Amino acid sequence: MTDLFLVAHIAGRGVAIAAAQVDSVVDIGEIVAVPRADAVVRGLAALRSRVVTVIDTGIALGLSRTPDTMRRAVITVVEGHHYAILVDSVEDVAPFTRLPLSSGLALHGGWAAVGCGLVERHDEPLLILDLAAVVPAPGLAA
Amino acid sequence: MTGLERGAGMDDLLQEFIAETRETLEAISGEIVAWELAPADGARLDAIFRFVHTVKGSCGFLDLPRLARLSHAAEDVLAAVRDGKRTPDTALVNAVLGIVDRIAQIVDGLDSGTILDDSGEDLLIAALAPDAQKTAPAAAAPVGRSASRSVRLNVDLLDHMMSGMSDMVLARNELARQLRDSDVDPKVEAALERLSLTVADMRDTVTRTRMQKVDALFSALPRMVRDTSAELCKAVNLVIEGADVELDREMIELMRDPLVHIIRNCIDHGIETPTARRAAGKPETGRLVVSARQSGNQILIEVSDDGQGIDVARIVAKAAEKKLYTPAELAAMSETSRLQLIFAPGLSSRDTVTATSGRGVGMDVVRANIEQIGGRVVLVNTPGRGLRIIINVPLTLSILSTIIVGVGTQRFALPRQAIEEIVMVRGDQVRLDMIGDAATATVRRKRMPLVSLGDLFKLTKDTPPTLVIVSTREGDYALGVDTVLDTEELVVKPASPAVMATGVYAGMTLPDNGLPMLLLDASGIAAVAGLRFAPVAAADAVILEEVVPGIPALLFDDLDGQRRAIALAVIDRVEPVSTEAIRWSAGAMRLSVGDAIIPLYAVGNFASRREVAVLRLTDGESEMAYAIAEAIEIVELPFEIAPPRGSGPIAGVVLIAGEQVELIDPHALFSGQPVMIASPPVCLLQVDGSGWMETFLKPALEASGYRCVTSLARGETAAVALAMEDAPPCEALAPVVTLRRSKSADGDDDASIYRYDRPALIAALAARRAV
């Protein structure tokens, strides 16, 4: 069974994102900070007439802060709210076969929480990133 | 049978029915023609069957007997055809089609308000019978079909339109920005100007599509009022005004429960029984007016009754009884704050719980719900004459009137309805202080907590130059900001959970400059900043202190014919009492109120009266009554008070409206009377079985203002306990005063009191209580 995946780079790694989770890919403009919010919330940005919550993917994965220069984002909708997930770059959309995570694969930190499978692109394994897991869960206090 | 005779409430349903029926008729017109050509075609039959079936269902609901009869007859025949009991021949098809046509005509007639005569309908129905003669279908006079002026739309479509509108506004703004930066032809500018006007106009129109007549909210009320008043054996006449005022659909839904609750409360607590109304000189039927009107971008929904109003004294007593506030706090409250007690959680003003208004879960929830949608509730209470409850809600949920504040480099919106006033810190009226580590602002002598938004949000460290006085349900506080920029009407959307988790935001919005902005939640900020508000009383007390000019006083005619005045603050209430409740006993005049006895002061004779008005006076702790002839009005006392000569509870003479009026000295009144403490401290007697304590000690103690008990009821605490030296208390429930039998003390460190040394005993009790 093959699904469409968006191949992107986050924190220098290639990842695959299920196309069903992707609303659009945009370069976001000015980000307005949200004081007192968790560091994972970079701020708010306008996307046409919509306000999206910008997620600092670096921090969400327990890595370092995503540099300000990175403005490319994957827009996803989780429970009716629009989120912009910051990414380094996106490559293209292609069909892949969804594979389970190889046994013995030791994902750590943030990666473990967001990885939900593998795809193989030209023999290169890419982690399937669950965007819904990148978005901070409700009830996560500042 | 016409829709015009119906209550306005049915109109919407009827309109919907007409629109729906027409839509279906148009949709099946093709089927009808096809069926005419091929009567045996079962598929065509189904569509027509569904149509008459639906019409029949709606008719029963809407009480349209003619349509019901027609559709029912057609349905029967079609059912028989479907079951194969009858074969559809041309005669049958014609008869059914005749009925379908007739339904269409009646529906048109309903819409245009024309009443069709029902001749020929029997013929139409008779034509359905299997053995019917070929009847010429009654040629109904064509009814001028009024062009349909309404269409049914999906709310999603409207929402989509709304968001498209916002996009358009943003695009226009972007265009304007681009043009501003370059040198443009005045013609282009004029075109842009026109575009802007059109867009603004469009925006208003689109907003209006979300509007619905408030009638949708009011239409259910007549029935509810009828049922509720019948259940409570009261007679209520409901008057609805302004049902054509429009309100956001969502708002109407959100207002439904609070309104129902308020009206139930009015009937239950406000309007008296017919007997009581007659006794009060009112018409037996109570009047309940529900009205709506628009005022700017606010809708005012008012519920007023001519019932008994709110008995503030009882509410206060209730609050004291439920220990929501201490007596001192209650005494310090202003009349408005006392009235607001009906919104206190866990306070039901009624002594008995009824099925209708429940048990005090009501009004606090009602107010919370209304405030949640950006509304406010105002009470106007006229005791004995009625209560007006005014609900103030914004026109739409999505568009909020806000004030934009700047902090550091960021801007935030604050709902305007939460803002009391905006003051500059420079200026004499405002001072900022640190009390311990808590910042406070004092604005015109009113002290309130200060929250610096820059500090809270870690945006600036500077002292805020501007204060926004924010009013929340818990209390007022000053929010320090850098600047107040603008007022703006904003379309507010809910923010994502990660943002809402901070607890300080109420939503987010995209103003015309295209930069997202957060809407601040005033209560949330207070909570996050750790503000703890003392009950409202504290704030009131501050105000009371500064109100030096003009002490309000009640002017009254005394029993000896003199006109006198007494400070309003000491009057708890004025009420008529039966003279039978007044007795000269144990050397003083006393009034029995319920199961308590309070001292009464009277300067004249009232023996000839059956009833006498008394002022119930209180100093916050003890109570007494002052009998008067008649209360006149509330006046403001002048500064000048001429000193009295002689004794008696007269503080002096004041000039009110050119007349010399004696001013009562409440201090003298209270000091001259044996004190009767409203809620006396409890003295726990450690009885030893001899009965001495109960017989000898109890009356003496109670004369000194204690209430004596031999064991504590559940939840009761004793201020002090008394025990004999040989029977010490088994567990320390209160500070203990020990009594001894011998006159002399047993050594210097013996703290016990000789049991007949009354002054020493009272002093020791008071001293222990204070510990």
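Residues numbered from 1 in each chain as written. Chains lettered and ligands numbered in written order. Predicted model: local features only at pLDDT ≥ 70, side-chain atom pairs only at ≥ 80, totals over all residues. Heavy atoms only, no water.

1. Observations regarding the overall build of chain B
Then, number 1: Looking only at helices and strands, one finds 22 helices and 34 strands in chain B.
Then, number 2: Relative to all contacts within chain B whose residues are 6 or more apart in sequence, the contacts with residues 24 or more apart total 65%.
Then, number 3: As displayed, chain B has an accessible area near 39800 Å², and 52% of this comes from carbon and sulfur atoms. (Helix = DSSP H or I, 4+ residues; strand = E, 2+ residues; numbered from the N terminus. Contact = heavy atoms within 4.5 Å. Areas by Shrake-Rupley, 256 points an atom, 1.4 Å probe, with all protein chains shown as cover.)

2. Brief notes about the overall build of chain A
Then, number 1: Broken down by element type, chain A carries 3 helices and 10 strands.
Then, number 2: Taken from N to C terminus, the helices and strands of chain A fall in the order β-β-β-β-β-α-β-β-β-α-β-β-α.
Then, number 3: Sequence-distant contacts, at least 24 apart, represent 54% of the contacts inside chain A between residues at least 6 apart.
Then, number 4: Of the roughly 6600 Å² that chain A leaves accessible, carbon and sulfur atoms contribute 53%.

3. Concerning helix α10 (residues 249–270) of chain B
Then, number 1: Compared with an ideal rise of 1.5 Å per residue, which puts 22 residues at 32 Å, α10(B) spans 30 Å between its outermost C-alpha atoms and is within 8% of the ideal.
Then, number 2: Of all the bends found along α10(B), the most pronounced is centred on Arg256(B) and spans about 35°, while Pro258(B), a proline, follows it within four residues. (Expected span 1.5 Å × (residues − 1). Bend = angle between axes of the 7 residues up to and from the residue.)

4. Details of the UniProt feature "modified residue: Phosphohistidine" (unreviewed entry) in chain B
Residues and elements named next belong to chain B.
Then, number 1: UniProt feature "modified residue: Phosphohistidine" (unreviewed entry): in the numbering of this structure it lies at His-53.
Then, number 2: Its place among the elements puts His-53 in helix α2 (residues 42–62).
Then, number 3: Using a relative accessible area of 40% as the deciding quantity, one classes His-53 as partly exposed. (UniProt positions renumbered as here; feature names shortened; annotations may be inferred. Buried < 20%, exposed > 50% of the residue type's maximum accessible area, 1.4 Å probe, protein only.)

5. What about the sheet that holds strand β8 (residues 89–97) of chain A?
In any sheet, the strands associate via hydrogen bonds between backbone groups, in a parallel or an antiparallel arrangement.
All names here are of chain A.
Then, number 1: The mixed open sheet is built from 5 strands, whose spatial order is β8-β1-β2-β10-β9. If you trace the sheet from one side to the other, it starts and ends with β8 and β9 (115–121), each paired once. Averaged over all pairs of adjacent strands, the angle between strand axes in this sheet comes to 35°, irrespective of strand direction.
Then, number 2: Pairing geometry for strand β1 (residues 2–10) and β8, over 7 bridges, is antiparallel. Opposite Asp-3, over in β8, you have Phe-96 as the bridge partner. (Pairing = 2+ DSSP bridges. Axes fitted to C-alpha atoms, helices over the stretch in contact; angles between N-to-C directions.)

6. Describing the pattern of salt bridges
All names here are of chain A.
Then, number 1: Per the counting criterion, the structure on display carries 27 salt bridges over all chains.
Then, number 2: Between Glu-124 and Arg-121 there is a salt bridge, and its shortest N-O distance comes to 3.4 Å.
Then, number 3: Take Glu-124: its relative accessible area is 36%, and that puts it in the partly exposed class.
Then, number 4: Using a relative accessible area of 15% as the deciding quantity, one classes Arg-121 as buried. (Salt bridge = Lys/Arg side-chain N within 4 Å of Asp/Glu carboxyl O.)

7. Considerations on the packing of aromatic side chains
Residue and element names in this part refer to chain B.
Then, number 1: Here the structure, examined in full by the defined rule, presents 6 aromatic pairs over all chains.
Then, number 2: A ring pair is formed by Phe-412 and Phe-457, whose centres lie 5.2 Å apart and whose planes are at 65°; its orientation type is edge-to-face. Separated by 45 residues along the polypeptide, Phe-412 in strand β9 (residues 410–415) and Phe-457 in the loop between α16 (453–456) and β14 (466–471) bring together distant segments of the chain. For the pair formed by Phe-412 and Phe-457, the shared burial category is buried.
Then, number 3: Here the aromatic residues Phe-412, Phe-457 and Tyr-505 are joined through ring pairs into a cluster of three or more. (Phe/Tyr/Trp six-rings, centres within 6.5 Å; stacked < 30°, edge-to-face > 60°.)

8. Section: the interface of chain B and chain A
Then, number 1: Across the boundary between the two partners, chain B contributes 28 residues, which contact 23 residues of chain A.
Then, number 2: When residues of chain B are sorted by the area they lose upon contact with chain A, Pro497(B), Ala498(B) and Pro516(B) head the list and together hold 25% of the total.
Then, number 3: At the boundary of chain B with chain A, the tally comes to 0 salt bridges.
Then, number 4: At the junction of chain B and chain A, the tally comes to 4 residue pairs in polar contact (both at pLDDT 80 or more). (Buried area = accessible area lost by both parts, 1.4 Å probe. Polar contact = N/O pair within 3.5 Å; in protein donor to acceptor, adjacent residues only side chain to side chain.)

9. Notes on a nonpolar patch on the surface
Then, number 1: On the surface, a cluster of nonpolar side chains totalling about 310 Å² of accessible area is made up of Val151(B), Leu153(B) and Leu157(B).
Then, number 2: Mapping Leu153(B) onto the fold places it in the loop between α5 (121–126) and α6 (155–181). (Patch = residues over 30% accessible without salt bridge, like charges linked within 9 Å, V, L, I, M, F, W, Y side chains within 5 Å.)

10. Considering the confidence of the model for chain B
All names here are of chain B.
Then, number 1: Considering every residue of chain B, the mean pLDDT works out to 78; 87% of them sit at 70 or more.
Then, number 2: Taken element by element, chain B is modelled with least confidence in helix α19 (residues 537–546), mean pLDDT 38, and with most confidence in strand β18 (residues 517–520), mean pLDDT 92.
Then, number 3: Confidence drops under pLDDT 50 across residues 1–8; counting only partners more than four residues distant or on other chains, this segment forms 14 contacts.
Then, number 4: The low-confidence segment residues 535–548 (pLDDT under 50) makes 18 contacts with residues lying over four places distant or belonging to another chain.
Then, number 5: This complex was scored by the predictor with a pTM of 0.46 and an ipTM of 0.88. (pLDDT = per-residue confidence, 0-100.)

11. Considering unusual backbone geometry
Then, number 1: The phi torsion at His122(A) lies on the positive side, around 45°, for a residue other than glycine.
Then, number 2: Structurally, His122(A) can be placed in the loop between β9 and β10 (124–129).
Then, number 3: Positive phi, normally seen in glycine, also occurs at Lys458(B), with a value near 55°.

12. Observations regarding helix α21 (residues 692–703) of chain B
Residues and elements named next belong to chain B.
Then, number 1: Between its first and last C-alpha, α21 extends 17 Å over 12 residues, near the 16 Å set by a 1.5 Å rise per residue.
Then, number 2: Inspection of α21 places Trp-692, Met-693, Leu-697, Ala-700 and Leu-701 among the buried residues, and these make up the whole buried set. Projected onto a plane normal to the axis of α21, the buried residues spread over an arc of 100° and lie on a single side. The outward face of α21, more than 90 degrees from its buried face, is lined by the exposed residues Thr-695 and Ala-703. (Arc of directions from axis to C-beta.)

13. What to know about the sheet that holds strand β30 (residues 682–686) of chain B
Residue and element names in this part refer to chain B.
Then, number 1: One open sheet holds the 5 strands; their spatial order is β31-β30-β32-β33-β34, and the pairing between them is parallel. The open sheet terminates on both sides in strands that have one partner only, identified here as β31 (707–709) and β34 (753–754).
Then, number 2: In the sheet, strand β32 (residues 720–724) pairs with strand β33 (residues 736–740) via 4 bridges, with the strands oriented parallel. The residue bridging Met-724 from the neighbouring strand is Leu-739, located in β33.
Then, number 3: Here α21 sits on the sheet in contact with β30, β31, β32 and β33, set at roughly 145° to β32.

14. Comments concerning the packing of helix α9 (residues 221–231) of chain B against α10(B)
Residues and elements named next belong to chain B.
Then, number 1: Running from N to C, α9 and α10 cross one another at 35°; their axes reach a closest spacing of 10 Å. Read as a crossing pair, α9 and α10 show a hand that is right-handed. Along the contact surface, α9 presents Leu-221, Met-224, Val-225, Thr-228 and Ser-229, while α10 presents Leu-259, Val-260, Ile-263, Arg-264 and Ile-267.
Then, number 2: Classifying every residue of the contact of α9 with α10 by side-chain character gives 7 nonpolar, 2 polar and 1 charged. (Left-handed = near helix turned anticlockwise from the far one by under 90°. Nonpolar A, V, L, I, M, F, W, Y, C, P; charged D, E, K, R; others polar.)

15. Some words on the pairing of β18(B)
Residue and element names in this part refer to chain B.
Then, number 1: The two faces of β18 match: Met-517 and Leu-519 on one face and Leu-518 and Leu-520 on the other face are all buried.
Then, number 2: In the sheet, β9 pairs with β18 via 2 bridges, with the strands oriented parallel. Each bridged residue has a counterpart across the sheet, and for Phe-412 the counterpart in β18 is Leu-518.

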